[in-house]
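The residues making up each chain are set out below.
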Amino acid sequence: MGEECGRHARAGFWRLVHIGLTGTADDAETVADICEHFGLGGDSTAFYQAELRERMRAKAKRVRRV
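The shown structure was predicted, so the numbers you read here are calculated from the model rather than taken from an experiment.

### Topic: the overall build of the protein chain
- Regarding its fold elements, the protein chain presents three helices and zero strands.
- Secondary structure elements of the protein chain occur, N-terminal to C-terminal, as α-α-α.
- Counting across all 66 residues of the protein chain, residues that qualify as buried make up 23%.
- Taking the intrachain contacts of the protein chain between residues at least 6 apart in sequence as the baseline, contacts between residues at least 24 apart amount to 57%.
- Carbon and sulfur atoms make up 56% of the accessible area of the protein chain, which totals about 4900 Å².

Written out as structure tokens, the structure reads:
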């Protein structure tokens, strides 16, 4: 059960990252917050969390200019 649960959790994480990287600034912020809240660790998680935060800032800047 533990291995299967871990596999599903990892798949869910990558789905969330995809939503954050392709969605709105709010989506990116929400996914980054989820990663932070649950303390998802590891180099890839830290990398994608930083990417999500940057995407959130960039998209928010573009919306303010319009």
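### Observations regarding the nonpolar core
- Core analysis: the biggest nonpolar cluster contains nine residues, these being F13, V17, A25, A28, V31, A32, C35, L52 and M56.
- Those elements giving two or more residues to this core turn out to be α1 (2-22), α2 (25-37) and α3 (43-65).
- No other element matches α2, which puts five residues into this core.

### Here we look at α1
- For α1, which comprises 21 residues, the first-to-last C-alpha distance of 30 Å matches the rise-based estimate of 30 Å (1.5 Å per residue) to within 8%.
- For α1, the complete set of buried residues consists of F13, V17 and G20. Mapping the buried residues of α1 onto a view down its axis gives an arc of 65 degrees, with all of them on the same face. In α1, the exposed positions angled more than 90 degrees off the buried face are occupied by H8, R15 and H18.

### Quick notes on the environment of L16
- Its place among the elements puts L16 in helix α1.
- In contact with L16, other than residues within four places in its own chain, are V31 and I34.

### Let's talk about the confidence of the model for the protein chain
- Of all residues in the protein chain, 86% have pLDDT values of 70 or greater, and the mean over the chain is 81.
- Across the protein chain, the element-wise mean pLDDT spans from 79 in α3 up to 86 in α1.

Parameters and conventions
- Residues numbered from 1 in each chain as written.
- Predicted model: local features only at pLDDT ≥ 70, side-chain atom pairs only at ≥ 80, totals over all residues.
- Heavy atoms only, no water.
- Helix = DSSP H or I, 4+ residues; strand = E, 2+ residues; numbered from the N terminus.
- Buried < 20%, exposed > 50% of the residue type's maximum accessible area, 1.4 Å probe, protein only.
- Contact = heavy atoms within 4.5 Å.
- Areas by Shrake-Rupley, 256 points an atom, 1.4 Å probe, with all protein chains shown as cover.
- Core = buried A, V, L, I, M, F, W, Y, C linked by side-chain atoms within 4.5 Å.
- Expected span 1.5 Å × (residues − 1).
- Arc of directions from axis to C-beta.
- pLDDT = per-residue confidence, 0-100.

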